[in-house]
Amino acid sequence: MSESTRHYGQIALIILGYVLCSCVPADAAVSKYSEYIAPCPVNDQAFGQCVKSAWQQIFNLMRTGVKEVGITKIDPMYVEKMTMNQGRDGDAMSLRLTLINATHTGMSYAKVTNVDVVPEKYKFNITFTIPHYEIDGQYDVNGKIVMIPVMGKGHGHANLTDVKVTWRIQGEKAVDKVGNRFLKLTKFGMDLKPRRLHFQFDNLFNGNKELGRMTNNVLNDQAEEIFKQMKPLMEKQSNQLMFGVVKRFFDKNPYNDIFPGVKV
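Residues numbered from 1 in each chain as written. Predicted model: local features only at pLDDT ≥ 70, side-chain atom pairs only at ≥ 80, totals over all residues. Heavy atoms only, no water.

Below, the discussion takes up the overall build of the chain. Of the regular secondary structure elements, the chain holds 6 helices and 6 strands. Counting helices and strands in the order they occur from the N terminus, the chain gives α-α-α-β-β-β-β-β-β-α-α-α. Out of the 264 residues in the chain, the part that is buried amounts to 39%. Contacts spanning at least 24 positions in sequence make up 67% of the contacts within the chain whose residues lie at least 6 apart. Accessible surface for the chain amounts to roughly 15,100 Å². Of this, 54% is attributable to carbon and sulfur atoms. (Helix = DSSP H or I, 4+ residues; strand = E, 2+ residues; numbered from the N terminus. Buried < 20%, exposed > 50% of the residue type's maximum accessible area, 1.4 Å probe, protein only. Contact = heavy atoms within 4.5 Å. Areas by Shrake-Rupley, 256 points an atom, 1.4 Å probe, with all protein chains shown as cover.)

Below, the discussion takes up helix H4 (residues 209-221). Taking 1.5 Å of rise per residue, the 13 residues of H4 would be expected to cover 18 Å, and the 18 Å separating its terminal C-alpha atoms lies within 8% of that figure. Those residues of H4 not exposed but buried are Gly-212, Thr-215, Asn-216 and Leu-219. In a view along the axis of H4, the buried residues occupy a sector of 100°, so they form one face of it. Close packing links the buried residues of H4 with strand E4 (123-145), strand E5 (148-175), strand E6 (181-201) and helix H5 (223-252). Between a side-chain oxygen at the N-terminus of H4 and the backbone nitrogen of Glu-210 the separation is 3.2 Å; the capping residue is Asn-208. (Expected span 1.5 Å × (residues − 1). Arc of directions from axis to C-beta. Polar contact = N/O pair within 3.5 Å; in protein donor to acceptor, adjacent residues only side chain to side chain.)

Right, let's talk about the environment of Thr-127 for a bit. Secondary-structure assignment places Thr-127 in strand E4. Judged by its relative accessible area of 12%, Thr-127 is buried. At 3.1 Å, the side chain of Thr-127 forms a polar contact with the side chain of Thr-166.

On average, the chain scores 88 in pLDDT, and the residues at 70 or more come to 87%. Note on residues 7-28: pLDDT is under 50 here. Beyond four places in sequence and across chains, it has 2 contacts. (pLDDT = per-residue confidence, 0-100.)

Residue placement: Thr-215 occurs in helix H4. Beyond its immediate chain neighbours, meaning those up to four positions away, Thr-215 contacts Val-150, Leu-204 and Phe-205.

Quantified by volume, the second largest pocket comes out at close to 190 Å³. Secondary structure elements with two or more residues in the lining of the second largest pocket: E6 and H5. For the lining of the second largest pocket, the residue count by class is 4 nonpolar, no polar and 6 charged. (1 Å grid on protein atoms, 1.4 Å probe; cavity = no way out; pocket = protein on both sides within 12 Å on 5 of 7 lines; lining within 4 Å. Points joined across faces, edges and corners; volume = space filled by probe spheres on them. Nonpolar A, V, L, I, M, F, W, Y, C, P; charged D, E, K, R; others polar.)

Moving on, we come to the nonpolar core. Among the nonpolar cores identified, the biggest contains 72 residues, and Trp-55, Met-107, Phe-124, Phe-128, Trp-167 and Phe-259 are the most heavily contacted of them. Ranked by the residues each element gives to this core, the list is headed by H5, at 10 residues. (Core = buried A, V, L, I, M, F, W, Y, C linked by side-chain atoms within 4.5 Å.)

So, about the packing of aromatic side chains. Summed over the entire model, instances satisfying the criterion amount to 18 aromatic pairs. Consider the rings of Phe-47 and Phe-259, whose centres lie 5.8 Å apart with planes at 50°: the pair is tilted. A residue pair is termed long-range when its members are at least 10 positions apart, and Phe-47 in helix H3 (residues 47-61) and Phe-259 in the segment after helix H6 (255-258) qualify at 212 residues. Pair check on accessibility: Phe-47 and Phe-259 agree, each one buried. Relative to Phe-250, the ring of Phe-124 has its centre 5.4 Å away and its plane inclined at 55°; by these criteria the two rings are tilted. A residue pair is termed long-range when its members are at least 10 positions apart, and Phe-124 in strand E4 and Phe-250 in helix H5 qualify at 126 residues. Given a relative accessible area of 1%, Phe-250 falls into the buried group. It is Arg-63 that lies over the ring of Tyr-109; its NZ or CZ is 4.2 Å from the centre. (Phe/Tyr/Trp six-rings, centres within 6.5 Å; stacked < 30°, edge-to-face > 60°. Lys NZ or Arg CZ within 6 Å of the ring centre and 35° of its normal.)

Quick look at the structure:
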């Protein structure tokens, strides 16, 4: 083989390599889903148990977060500001409560108890229990609870025990520019039901210790009723916090990597 022939052959290989490489977009990343979470083939006889185990692993990974598969570090979770307005003047409960720079802990220790998943319809119901969920931060409150005036600002703490939660996830098909199919999150809702709640608000009534003690006692004696009244607002706020967390996970992972063999 002459030197010129060898030279042109090398050029041809370089051009061929460039053409082949250019067929794959530079931003097309290789999925790492299976490195962290077991995929659940839809024809697996143990499909339900597989999905339950997969979601348990997802919650466990929330303790540290895994950027490669879109899992957010959620323990602790910092919320700069959350405002809840309940009722109107004249109601038994009319309250404006703002939580500021609050730390939420406990979500990643959830225990998944049930899953109801229809992959072909992009529909999920995930039920789990959080043994202990705590919210700690600054508060600003003004209004009345069970007809008792409440006002103050300072440090506040809430402890929820054995919180039963159901996430209702609904999505639709989305396809990226290289043909990968994803779940596009369209609806997210949740139901919350704690077995027990305990509140502690410091510095109520401008630091009046006796009024503060009495009010905290009433709040805890009536905790179940208070939660019942505020449940829709608490669920709405929680929905807003968790929508982005769930969306980030599904945006990151091709649907067929989660459910191999799914027909969508």
